[in-house]
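Letter by letter, the chains look like this.
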There are 2 protein chains.
Amino acid sequence: MEIKVVKNILEANEVIASQNRTLFAEKGIYVLNLMGSPGAGKTTLLEKTIEHLKDRNRIAVIEGDIASSRDAERIADHAIPAVQINTGGACHLDGNMVRGGLKELNLDQIDLLIVENVGNLVCPAEFKIGENDKVMIISVTEGDDKPEKYPLMFQVSTVLLLNKIDLLPYLDFDMEKFQGDALKVNPKLEIMTLSCKTGEGLDSWLSWIKEKAGTKGS
Amino acid sequence: MEIKVVKNILEANEVIASQNRTLFAEKGIYVLNLMGSPGAGKTTLLEKTIEHLKDRNRIAVIEGDIASSRDAERIADHAIPAVQINTGGACHLDGNMVRGGLKELNLDQIDLLIVENVGNLVCPAEFKIGENDKVMIISVTEGDDKPEKYPLMFQVSTVLLLNKIDLLPYLDFDMEKFQGDALKVNPKLEIMTLSCKTGEGLDSWLSWIKEKAGTKGS
């Protein structure tokens, strides 16, 4: 019975997510759903991405958090529109929450919308929000055993960003095992290693998103 | 309507958790619910704790994971009973799952049961399993802004273990802010800083759990 409830919620969400997606397509907005554990580096990645792309793309951000508006404030400091959604306990964003957030944005003035999901390696993977691509970010400090233990997020993502590689010298992290296990779960996964702190590896990510997002007003 | 569903699930869980708790009390078992994000160091903490206490306490472990039996295998290597529960997608353990796991254990031969919850800083905090205490573990690599963003887990925990302090020299982590924010959310929270890797700070944790768990067969 509990399973049935979850299934109904998921089905209702699919409908709304698909409506969001139609709206984004009409407006010519490329939408990214950025997911990862607390502290994986989602907001820092966003800040770096915005700094590199803001003269090229009309960017907006929706921030999903259980509580606080700290992340939206960090983003707004970069002079782009940022909407904070507080889920009030829910462990993920869903289509309906994102739809609510869209009301705060002028969709005719955006070509790249990045949605930073609630920090969680599990639940966000289950709920579409109308995105074009899901991108997951994970820090090397989280350990090399994560693909095996949290397979769904690896399965649904287009890109896996492995962050904080500047900390590798201080950790026992088996890169070959991690990447092999991730590809076992999702053979199409595009894996990029980077450090948002030092900037190493950021270029590949920026090339990828530039190709996806097109150019300002195009 | 969605909120109502969640409420019913939570209420049903309270009933089962309370039955588990009665059973644990009858059997004289002290039960710990260990929670934290993926990669915070839950299993490593468990391994260190087992090594220090296994001549003193009759320990058993229940491992909660979305998938894989990797953690239970790590624990079983220490020659104590370990049960793996795979939640098959669910982002937390609940009272009923733990009850199922108990069938695999001889409760007359245990005085300390540690339940390692699914790696998640959000959902496990909502579901009681019949534990005496909730302990949360968080790594300094997750950032100093977590109490403000994920308040519930800080609110419901008795002890906060701040792990991986050996990495502090390589991070921007404001210890005063983190501890201040955590205590703002939960003024009774007992905060211990440690490194499971180097062993620094482990003594305070071991003293705490020794006092809680009593001694073998007592």
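In every chain, residue numbers begin from 1 and rise along the written sequence. Both sets of labels track the order of writing: A upward for chains, 1 upward for ligands. This being a predicted model, a pLDDT of at least 70 is required before a residue's local features are given, and a value of 80 or more before pairs of side-chain atoms are given or counted; all residues contribute to the totals for chains, interfaces and linings. Water and hydrogen atoms were dropped before computing side-chain values, which therefore reflect all heavy atoms in the structure.

Draft legend 1. Layout of the environment of Val31 of chain A. Residue and element names in this part refer to chain A. Secondary structure counts use DSSP, requiring at least four H or I residues in a row for a helix and at least two E residues in a row for a strand, with both numbered from the N terminus. For Val31, the position within the fold is in strand 1 (residues 30–35). Each C-alpha atom, one on Val31 and one on Lys212, is 9.4 Å from the other, the two residues being 181 residues apart in sequence. With residues up to four places along the chain from it excluded, the contact list for Val31 reads Phe24, Leu113, Val115, Gly130, Glu131, Asn132 and Asp133. Any pair of residues with heavy atoms lying within 4.5 Å of one another is described as a contacting pair.

Draft legend 2. Region of the structure containing the pairing of strand 4 (residues 112–116) of chain B. All names here are of chain B. With five of five residues buried, strand 4 lies mostly within the body of the structure. The alternating pattern of strand 4 places Leu112, Ile114 and Glu116 and Leu113 and Val115 on opposite faces, both of which are buried. Relative to strand 4, strand 2 (residues 59–65) runs parallel, the two sharing five bridges. Paired with Ile62 across the bridge in strand 4 is Val115. Note on classification: 1.4 Å probe, protein chains only; a residue is buried when its accessible area is under 20% of the maximum for its type, exposed when over 50%, partly exposed between these limits. A pair of strands is considered paired only if DSSP assigns at least 2 bridges between the two.

Draft legend 3. Structural context of the relation of the copies chain A and chain B. Overlaid copies result from least-squares superposition on C-alpha atoms, with residues included only where pLDDT is at least 70 in both. Least-squares fitting of chain A to chain B yields an RMSD of 0.0 Å, with the superposition described by an axial translation of 0.0 Å and a rotation of 180°. Within this description, the copies of the chain are treated as partners about a two-fold rotation axis. Ranked by how close their C-alpha atoms come to the rotation axis, the residues of chain A are headed by Asn120 of chain A, at 3.1 Å. Of the residues that chain A buries at the interface, 100% are likewise interface residues in chain B, meaning the two copies contact each other through the same surface.

Draft legend 4. Spotlight on unusual backbone geometry. In the Ramachandran plot, Ala79 of chain A falls in the positive-phi region, its phi being about 60° despite a non-glycine side chain. When you line up the elements, Ala79 of chain A lands in the loop between helix 3 (70–76) and strand 3 (82–86). With a phi angle near 65°, Lys164 of chain B is a residue other than glycine that sits in the positive phi range. For Lys164 of chain B, a relative accessible area of 15% gives the class buried.

Purely spatial values, then, with no claim about function.
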